[in-house]
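Residue-level structure breakdown
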2 protein chains.
Amino acid sequence: MKNFADTLIEHSIKKNTAVVGLDPDISYFPDFLLNKDTQTTEGICNAIIKFNKLVIDEVCDHVVAVKPQLAYYEVYGSEGIKALEETIQYARSKNIIVINDAKRGDIGSTSKAYAKAFLTNESLSGDMVTVNPFLGSDGYNPFIEVAQENNKGLFLLLKTSNPSSSEIQNLKLQNGEILYMQMAKEINAVASATKGDNNYSFIGTVVGATYSSDAKKIRELLPHSIFLVPGLGVQGGKAEDLAVFFDEKGLGAVISSSRGITYSYCFNKKDENWRNISKEQMAKSIADVTITAKQQINNVRFNTNS
Amino acid sequence: MKNFADTLIEHSIKKNTAVVGLDPDISYFPDFLLNKDTQTTEGICNAIIKFNKLVIDEVCDHVVAVKPQLAYYEVYGSEGIKALEETIQYARSKNIIVINDAKRGDIGSTSKAYAKAFLTNESLSGDMVTVNPFLGSDGYNPFIEVAQENNKGLFLLLKTSNPSSSEIQNLKLQNGEILYMQMAKEINAVASATKGDNNYSFIGTVVGATYSSDAKKIRELLPHSIFLVPGLGVQGGKAEDLAVFFDEKGLGAVISSSRGITYSYCFNKKDENWRNISKEQMAKSIADVTITAKQQINNVRFNTNS
C-alpha cells in the first residue's frame, strides 16, 4: 500500500534527495531584505517571509523538501509562527514537501496535539515532522498514529549530528549494545510492519551526516526507514561520506543542508560586500549552490551502484 | 548569589509548592465558554483565553506557578500561540510564575533560539522552560546560558511520569548504572556549581510523581536541583508518595497537577450536568480543589520533618 515514504521517493526521483533547511537568521540577511521596519518583530517576520519565498523559488525544482527549523520562528512568538505558516503555504503552492523540524516529544494526548499541529493543522502543518523519542513509545506512538491516519510521515531522532549526541545516544548498555543501535532495532519492528510500495515505512529516522561510520550498521538494522541526514556542509559532513546512507537504488535517505545553501552568498564566498548583493545575485548564489549540491549528492547516490 | 531558584522558593513559601498546568482542551469546557464562534480557530482561541484567565484568577494566590503545555496552543497554529501570549501576560499581571512546558531540545544556535523564545521573548517568554536532554549537553547548555544571563530557570527532563519512560530513561548501562541516575550525576555537577542563596540551582529537573520510589535516590544524587513533579492526580500519582521529593524544610520540589484541577468540575465530580455549570460554579470548583491540593501538599511537605 502506498504510504508517505512512497510520495517522498517519487519526489526524490523527480527532483533529488536534497533537503534545504529554512533557518532564518536576520544577521545573515543582505541589506535589500532589511529596512527600518526590521527593528520590529512584525518587520523581521516580513523579511523572513520574503527570504523564505526567495529560497523556495530557487530550490523548489531541485530538492525534494524544505525543512523549516521551528526554533527560528518560535523565537518571534506568534508573529514568527505566522511567518512560518505563510512559508508553508507558499511551499505547498510550489508542490514541495515540507518537513517541520520541530523535534517535539511528549506523552499521550500532548504528543497527539503536537502531531496534529505539525501534520494536520490547516495553516501550520507540513508533510513530515521530526520527533524526539526520549519519553519512550507512548511519547512517539501518537505521532505515528496521526501520520498513518493522514498519510503523512515522521523522522524519529536516532543519532543526531552534534558532537555531544554521544553522551546519551551512544551509551553502552549492559547487554553490550549501543543505545541508539538498540533503538534502531525497536524502531525497525514498527517500520517493517508499515512499509509501502517501495519497501519503506513513513517512519523515518534522523542520522547525522557527521556519523557516517555508524550509518552502515544503522542501514542494516533499519532497512525500511528513510534517513533524514542533517549536518552536510557547515556542520562538517562531507558529500563523499554519504554513500553509506543510500540503498542500492540510490534511495532511502534525504540529505539536509541549511546555512550552506541559504546563506551561500556569505558562507561559501569570500566577498566581504555580501551585505550589498542584489536580490538577483542572492537568488543566483542559492540556485548555483543548490545545483552543485544536487550533483554532488547524485554522484554519491549512483556511485553506490558501481 | 540570588538565582531563579531563590525566587521560586520565595513564592513557594508565600503561597505553596503546587503548580497548575494550563492544558486547554475545549472538549472539557462548560457550555458558557462555547458559542457559535468556537467553530473557528479564532473562536476556540478566545475561549481558551477566557478559560485560562478564569483558572489563573482562582489559583494565583494559592500556587507557585502555572504551567502552560505548549502542544495545546501550538495545535491551533499562530492563533494558539497568540492565545498563549495573552495567557502569559495575564499570569504576569497576577504575579504568578510561568513555566513554559515546551520540552524543547535541539543543538547550538537552535537551542539558543528556543531558549530565547521561552525565556526572553517579550510576549511569549515565561520564567522557566522544560528541556529535553536527548541531544546531550551541547543541546541543553544554551538553555542554561540564556537562563543564567536573564535570571530565569529551567527543568531538564530526567525521569518522566509516563509508563514507557523506562524504555530509554531506565536502560541499564554497562557500568551498572541506570541511565537517568547517571544523568542525575552529570546534572549535579552543573547544579552544584550554580546554587543560589537557598542552596538550589536554577537548573531543575523533571521527576514524575508516579516514580516516587526512585525519587529518594535522585534527591540524594541531586541535592541542589528543584524537582518539577508532574503526574499527581489523573496520571495516578498520590499525595502521600510525594514526601520523598521534598527536603527537610519542605522545599526543593514543586508539584504539578493539570486536569485534576482545571477540569475538577467534570473529573472529580459525578455531576453529569457539568456542561451546564455557571462561571461561578466552575470558579468555585477550581478554587476548592486547589485549596484541597495545597493542604494535601503542605501536610506531606511538613510531615517530612516529623
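Let us look at the structure shown here. (Residues numbered from 1 in each chain as written. Chains lettered and ligands numbered in written order. Predicted model: local features only at pLDDT ≥ 70, side-chain atom pairs only at ≥ 80, totals over all residues. Heavy atoms only, no water.)

Before going further, it helps to spend a moment on the overall build of chain A. When its secondary structure is counted, chain A shows 12 helices and 8 strands. For a compact globule of 306 residues, the expected C-alpha radius of gyration is about 19 Å, and chain A comes in at 19 Å, within 12% of that figure. Taken along its principal axes, the extent of the C-alpha atoms in chain A is 60 × 45 × 40 Å. Long-range pairs, those at least 24 residues apart, make up 76% of the contacts in chain A between residues at least 6 apart in sequence. As presented, chain A carries roughly 11300 Å² of accessible surface, and 47% of it is formed by carbon and sulfur atoms. For chain A, the separation between the mean place of its 32 positive charges and that of its 35 negative charges on side chains is 3 Å. (Helix = DSSP H or I, 4+ residues; strand = E, 2+ residues; numbered from the N terminus. Rg over C-alpha atoms; globule rule 2.2 N^0.38 Å. Contact = heavy atoms within 4.5 Å. Areas by Shrake-Rupley, 256 points an atom, 1.4 Å probe, with all protein chains shown as cover. Lys, Arg positive; Asp, Glu negative; His and termini not counted. Charge placed at Lys NZ, Arg CZ, Asp CG, Glu CD.)

Moving on, we come to the relation of the copies chain A and chain B. Laying chain A over chain B is done by rotating through 180 degrees and shifting 0.0 Å along the axis; what remains is an RMSD of 0.0 Å. Considering both components of the superposition, the chain copies are consistent with a two-fold axis. Both copies share a contact surface, since 100% of the interface residues of chain A are interface residues in chain B too. (Least-squares fit on C-alpha atoms with pLDDT ≥ 70 in both.)

Further remarks concern the sheet that holds strand E6 (residues 201-207) of chain A. Residues and elements named next belong to chain A. Spatially, the 8 strands close up into a barrel ordered E1-E2-E3-E4-E5-E6-E7-E8, and their pairing is parallel. Across this sheet, the average inter-strand angle for adjacent strands is 30 degrees, counted without regard to direction. Across 3 bridges, E6 lies against strand E7 (residues 225-229) in parallel orientation. Along E7, the bridge assignment pairs Val 206 with Leu 228. Most of the contacts of helix H1 (residues 4-14) go to strand E3 (residues 97-104), to which it runs at about 125 degrees, and overall it touches E3, strand E4 (128-131), strand E5 (153-159), E6, E7 and strand E8 (253-257). (Pairing = 2+ DSSP bridges. Axes fitted to C-alpha atoms, helices over the stretch in contact; angles between N-to-C directions.)

Residues and elements named next belong to chain B. Within the secondary structure, Thr 130 sits in strand E4 (residues 128-131). For Thr 130, the side chain forms a polar contact with the main-chain nitrogen of Lys 103, separated by 2.9 Å. When neighbours within four sequence positions are excluded, Thr 130 is seen to be in contact with Ile 99, Asn 100, Asp 101, Ala 102, Lys 103, Arg 104, Phe 155, Val 206 and Leu 228. (Polar contact = N/O pair within 3.5 Å; in protein donor to acceptor, adjacent residues only side chain to side chain.)

A separate point is the nonpolar core. Grouped together as the largest cluster of nonpolar side chains are 218 residues, with contacts concentrated most on Leu 154 and Leu 242 of chain A together with Leu 154 and Leu 242 of chain B. The residues contacting Leu 154 of chain B, other than those within four sequence positions of it, are Met 128, Val 129, Val 131, Phe 143, Ile 144, Ala 147, Phe 202, Ile 203 and Gly 204 of chain B. (Core = buried A, V, L, I, M, F, W, Y, C linked by side-chain atoms within 4.5 Å. Buried < 20%, exposed > 50% of the residue type's maximum accessible area, 1.4 Å probe, protein only.)

It is worth spelling out the interface of chain A and chain B at this point. Between chain A and chain B, the residue contacts involve 56 residues of the former and 56 residues of the latter. Between chain A and chain B, the buried area comes to about 4500 Å², and carbon and sulfur atoms account for 55% of it. Of all residues in chain A, Glu 74, Phe 134 and Gln 174 of chain A bury the most surface against chain B, accounting for 15% of the area lost on that side. Inspection of the region where chain A meets chain B yields 4 salt bridges. We note a salt bridge from Lys 103 of chain B to Asp 106 of chain A, for which the minimum N-O separation is 2.7 Å. Counting across the chain A and chain B interface gives 34 residue pairs in polar contact (both at pLDDT 80 or more). The set of elements that each furnish at least two residues to the side of chain A that touches chain B consists of helix H3 (71-74), helix H4 (77-93), E3, helix H5 (108-119), helix H6 (137-149), E5, helix H7 (166-169) and helix H8 (179-192) of chain A. It is H5 of chain A that provides the largest number of residues to the side of chain A that touches chain B, a total of 7 residues. Grouping the constituent residues of the side of chain A that touches chain B by class yields 25 nonpolar, 20 polar and 11 charged. (Buried area = accessible area lost by both parts, 1.4 Å probe. Salt bridge = Lys/Arg side-chain N within 4 Å of Asp/Glu carboxyl O. Nonpolar A, V, L, I, M, F, W, Y, C, P; charged D, E, K, R; others polar.)

A few words now on the pattern of salt bridges. Under the criterion given, the structure shown has 20 salt bridges over all chains. In this structure, Arg 104 of chain B engages Glu 74 of chain B in a salt bridge whose closest nitrogen and oxygen atoms are separated by 3.4 Å. With Arg 104 of chain B in strand E3 (residues 97-104) and Glu 74 of chain B in helix H3 (residues 71-74), this residue pair connects regions lying 30 residues apart in the sequence. Residue Glu 74 of chain B is classed as buried on the basis of its relative accessible area of 1%. Here Lys 284 of chain B ties to Asp 288 of chain B by a salt bridge, and the two come within 2.7 Å at their closest N and O atoms. With Lys 284 of chain B and Asp 288 of chain B both in helix H12 (residues 279-303) and 4 residues apart, this pair spans about one turn of that helix. On the basis of relative accessible area, Lys 284 of chain B is assigned to the exposed category, the value being 52%. Each member of the salt-bridge network shares a partner with another, and the members are Lys 67, Asp 101 and Lys 103 of chain A together with Asp 106 of chain B.

Residues and elements named next belong to chain B. The buried count for strand E6 (residues 201-207) comes to 7 of 7 residues, which makes it a mostly enclosed element. Relative to E6, strand E5 (residues 153-159) runs parallel, the two sharing 5 bridges. Looking at the pairing, Leu 154 lines up with Ile 203 of E6. Following the backbone out of E6, through helix H9 (residues 212-221) and into the adjacent parallel strand E7 (residues 225-229), one traces a crossover that is right-handed. (Right-handed = clockwise from strand over helix to strand, strands pointing away.)

Next up on the list: the sheet that holds strand E2 (residues 65-68) of chain B. What links the strands of a sheet is backbone hydrogen bonding, and the strands pair in either a parallel or an antiparallel sense. Residues and elements named next belong to chain B. Taken in spatial order, the 8 strands of this closed barrel run E1-E2-E3-E4-E5-E6-E7-E8, and their pairing is parallel. The average undirected angle you get between the axes of adjacent strands in this sheet is 30 degrees. Relative to E3, E2 runs parallel, the two being bridged by 2 bridges. What sits directly across from Ala 65, in E3, is Ile 97.

All names here are of chain B. For H12, spanning 25 residues, the distance from its first C-alpha to its last is 36 Å, which sits close to the expected 36 Å at 1.5 Å a residue. The complete set of buried residues in H12 reads Met 282, Ala 283, Ser 285, Ile 286, Ala 287, Val 289, Thr 290, Ala 293, Lys 294, Ile 297, Val 300 and Arg 301. Buried residues along H12 sit against helix H1 (4-14), strand E1 (18-22), helix H2 (41-59), strand E8 (253-257), helix H10 (259-262) and helix H11 (264-267). (Expected span 1.5 Å × (residues − 1).)

Moving on, we come to unusual backbone geometry. The phi dihedral of Asn 151 of chain A falls on the positive side, at around 55 degrees, and the residue is not glycine. Turning to its location among the elements, Asn 151 of chain A is positioned in the loop between H6 and E5. Its identity as a non-glycine residue notwithstanding, Lys 103 of chain B has a phi of 45 degrees, on the positive side. Residue placement: Lys 103 of chain B occurs in strand E3.

Note that all results are geometric; they support no functional claim without further evidence.
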